[in-house]
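# Fold and contact review
Now for the letters of each chain:
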Amino acid sequence: MPVIKPAIAAPNPPSQYKQPSRKGKKAWRKNVDVTEIQEGLEEVRDEIIKGGVIAEKDSADLFTLDTTGDIAIPKKFLKGEKKLKCDEILAQRSAVPAVSIRKRSGDNTTNGIIEPKRQRTSYISHKELNRLRHIANGRSENAVVEVQEASFDPWDAKRDAEEEKQDPRFSFLEKKKKKVTPKTLKHKPISLAASGKDIPAVKKPEGGFSYNPEYEDYEARLIAEGEKELEAEQKRLAAIEEERIKAEASAKSAAEAEAAEARGDLSEWEEDSAWEGFESGTEDVRLNAKRPERKTQVQRNKIKRRKEAERKAKMAADIKKKNEQAAQAKKIAKSLTAAQRSKLMALSTSAFDDEESSEGDDLELRRRKLGKIQLPERDLELVLPDELQESLRLLKPEGNLLKDRYRSLLVRGKVESRRPISFARKAKRKATEKWTHKDFMLH
């Protein structure tokens, strides 16, 4: 039976569990998990023992390239399959070469005795002939062609001075004349555009020149070219009509002249003619006509003074006219208002800017050309509507680049238009024999 004792002191109230602090150094070392670090260090030590750290080695030391493959794989998968007969035949490789299918002449069939080859001295193979031709033309296979820039100057003064040095042995020969640089070499080329502006070497094309243009641009260009062709055809028909009218007029005048001549011949034979000497029309001519006398020096001086006075009077009249025009212009300028002046200045500046910015066009050329030969006509760069292509690959190449560049040089005034002379006229030379060696005298 348990003994019950009375309470000695009052019991403590309930309280929470007091956990020690984990912020100290001791608690940190105790509670940190370093198992992964320890394992990693162990792995590194093992790798060092076996030959080195894998992460520090190159790929070539770790891997090898297998070019043959595993032999067990084809044995495993092709174990139950049988090869085809064609593969077996193709796999066979005989040591004897195959018979040639080329035809052989009967002369090559011999009795097995090989005759010595005779070298043909009077024969050159086609290959050797081509090689010799290439060498003769400077197109050898081993020849290296060095491209050099053209640096020849026909007006080089230094080169002319070097060429002037003559050997004293040939001092009796006539010296060559110096090459004189033409003055026109420093002049600016004269543009043949109607506006006088410079024509660019390669003009930027407009929208109507595209291989796949817009409808509005193509229609405007087609109408413009059609009007030009129509105008040219009308001019051609007008020229033909004018030639026909001239031919009819000349034929009519020739017929009238023949009829008049026939009437004159008829009257001459039918009518009574007088003596020719009295009715020849010479009786009215004065035989003793006085010849114009030679002017004296006084008369010449008088004529000279009169001409000088007329020239001075004309010059004074021109100066007076110019002064009157200048005064009239000043008067008009004063009468203008400030607004009108500003408007005129704006118009003049805009027109000047347009002239400066715009380029010349070779469609309209001036009348006066360089040289006597007419310029070649420009090719019609227009495609009909049914010939338009949607793709650039289907576009048909047309035109000639050489002719285009040559006409561009002509229009820009770089060169004159020339006509090729195939058969040039040469001076006729007559060969004669000198007889001076036969002109001698005996003493």
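Values in this document were obtained by computation on a predicted structure and should not be read as measured data.

Rules and cut-offs
- Sequence order as written defines the numbering, with residues in each chain counted from 1.
- Since the coordinates come from a predicted model, pLDDT governs what is reported: local features require at least 70, and pairs of side-chain atoms require 80 or more to be given and counted, while whole-chain, interface and lining totals use all residues.
- Side-chain metrics in this entry use all non-hydrogen atoms of the structure; hydrogen atoms and water are not considered.
- Labels follow the DSSP assignment, with helices taken as runs of H or I lasting at least four residues and strands as runs of E lasting at least two, numbered in each case from the N terminus.
- For every residue, the accessible area (1.4 Å probe, protein chains only) is compared with the maximum for its type, and the residue is labelled buried under 20%, exposed over 50%, or partly exposed between those bounds.
- Pairs of residues are marked as contacts when any of their non-hydrogen atoms sit within 4.5 Å.
- The charge count includes Lys and Arg as positive and Asp and Glu as negative, but it does not include His or the ends of the chains.
- Each salt bridge in this description consists of a side-chain nitrogen of Lys or Arg and a carboxyl oxygen of Asp or Glu lying within 4 Å of one another.
- This arc corresponds to the set of directions leading from the helix axis out to the C-beta atoms.
- Think of a polar contact as two N or O atoms within 3.5 Å of one another; within protein, one of them needs to be a possible hydrogen donor and the other a possible acceptor, and neighboring residues in sequence only count if both atoms come from side chains.
- In this analysis, rings of Phe, Tyr and Trp, with Trp reduced to its six-membered ring, are considered paired at centre separations within 6.5 Å, and the interplanar angle assigns stacked below 30 degrees, edge-to-face beyond 60, and tilted for intermediate values.
- By definition, being over a ring means that NZ of Lys or CZ of Arg is both within 6 Å of the ring centre and within 35 degrees of the ring normal.
- pLDDT expresses, on a scale from 0 to 100, how confident the predictor is about each individual residue.
- By definition here, a helix of n residues has an expected span of 1.5 Å times n minus one.
- Surface patches are defined over residues having more than 30% relative accessible area and no salt bridge, joining like charges when they lie within 9 Å and nonpolar side chains (Val, Leu, Ile, Met, Phe, Trp, Tyr) when within 5 Å.
- Residue-level accessible areas treat just the shown protein chains as cover; the underlying method is Shrake-Rupley with a 1.4 Å probe.
- Charge positions are represented by NZ for Lys, CZ for Arg, CG for Asp and CD for Glu.

### Concerning the overall build of the chain
- The secondary structure content of the chain amounts to 11 helices and zero strands.
- Along the chain, helices and strands appear, N-terminal first, in the series α-α-α-α-α-α-α-α-α-α-α.
- The buried share of the chain, reckoned over its 443 residues, is 5%.
- Across the chain, every contact between residues at least 6 apart in sequence was considered, and the portion connecting residues at least 24 apart equals 69%.

### Thoughts on the side chain of glutamate 225
- Within the fold, glutamate 225 resides in helix H8 (residues 215–270).
- Of the buried charged residues, glutamate 225 lacks a salt bridge, with lysine 228 as the closest side chain of opposite charge at 4.3 Å.
- Leave out the neighbours within four places in its chain, and glutamate 225 touches Leu380 and Leu382.

### Section: the side chain of arginine 407
- Within the element layout of this structure, arginine 407 appears in helix H11 (residues 401–411).
- The exposure class assigned to arginine 407 is buried, which follows from its relative accessible area of 12%.
- Dropping the residues within four chain positions of it, arginine 407 is found in contact with Asp362, Leu365, Pro376, Glu377 and Arg378.

### With respect to H11
- All of the buried residues along H11 are Arg407, Ser408, Leu410 and Val411. Projected down its long axis, H11 carries its buried residues within an arc of 160 degrees, all on one side. Away from its buried face, by an angle of more than 90 degrees, H11 presents the exposed residues Leu401 and Leu402.
- Its side-chain oxygen placed 3.0 Å from the backbone nitrogen of leucine 402, asparagine 400 serves as the N-cap of H11.
- In the segment just after H11, glycine 413 is the residue with positive phi, at about 80 degrees.

### As for the packing of aromatic side chains
- According to the stated counting rule, one finds zero aromatic pairs in the structure shown.
- The positively charged end of arginine 221 is found above the aromatic ring belonging to phenylalanine 209, 3.8 Å away from the centroid.

### Concerning the confidence of the model for the chain
- The pLDDT averaged across the chain works out to 78; a share of 78% of its residues lies at or above 70.
- Within the model, the stretch residues 271–280 combines pLDDT values under 50 with three contacts to residues more than four positions away or in other chains.

### Let's talk about the pattern of salt bridges
- Tallied over the full model, the rule gives 12 salt bridges.
- Residue glutamate 42 is joined to arginine 45 by a salt bridge in which the shortest nitrogen-to-oxygen separation is 3.1 Å. Here glutamate 42 pairs with arginine 45, and both are found in helix H2 (residues 35–50), just three residues apart, close to one helical turn.
- Glutamate 231 is the salt-bridge partner of lysine 235, the closest N and O atoms lying 4.0 Å from each other. Within this pair, lysine 235 and its partner glutamate 231 are both found in helix H8, separated by four residues, close to a single helical turn.
- The exposure class of glutamate 231 is partly exposed, given its relative accessible area of 43%.
- Salt bridges here are not isolated pairs; linked through shared partners, they connect Glu241, Arg244 and Glu248.

### A closer look at H2
- Compared with an ideal rise of 1.5 Å per residue, which puts 16 residues at 22 Å, H2 spans 23 Å between its outermost C-alpha atoms and is within 8% of the ideal.
- Following H2 by one or two positions, glycine 51 has its phi on the positive side, about 145 degrees.

### A look at the environment of arginine 412
- Assignment of secondary structure puts arginine 412 in the segment after H11.
- Under the relative-accessibility criterion, arginine 412 is labelled buried at 17%.
- A sequence separation of 212 residues divides arginine 412 from proline 200, and the C-alpha atoms of the two residues are 7.8 Å apart.
- Excluding its chain neighbours within four sequence positions, the residues that come into contact with arginine 412 are Pro189, Ile190, Ser191, Ile199, Pro200 and Ala201.

### Looking at a nonpolar patch on the surface
- Together, Val32, Val34, Ile37 and Leu41 make up a nonpolar patch on the protein surface, roughly 310 Å² of accessible area in all.
- Checked against the element boundaries, valine 34 lands in the loop between helix H1 (25–31) and H2.
- Accessibility expressed as a relative area gives 37% for valine 34, which makes it partly exposed.

### Thoughts on a negative patch on the surface
- A surface patch of negative charge is lined by Asp33, Glu36, Glu39, Glu43 and Asp46.
- Position of aspartate 33 among the secondary structure elements: in the loop between H1 and H2.
- Judged by relative accessible area, which is 60%, aspartate 33 ranks as exposed.

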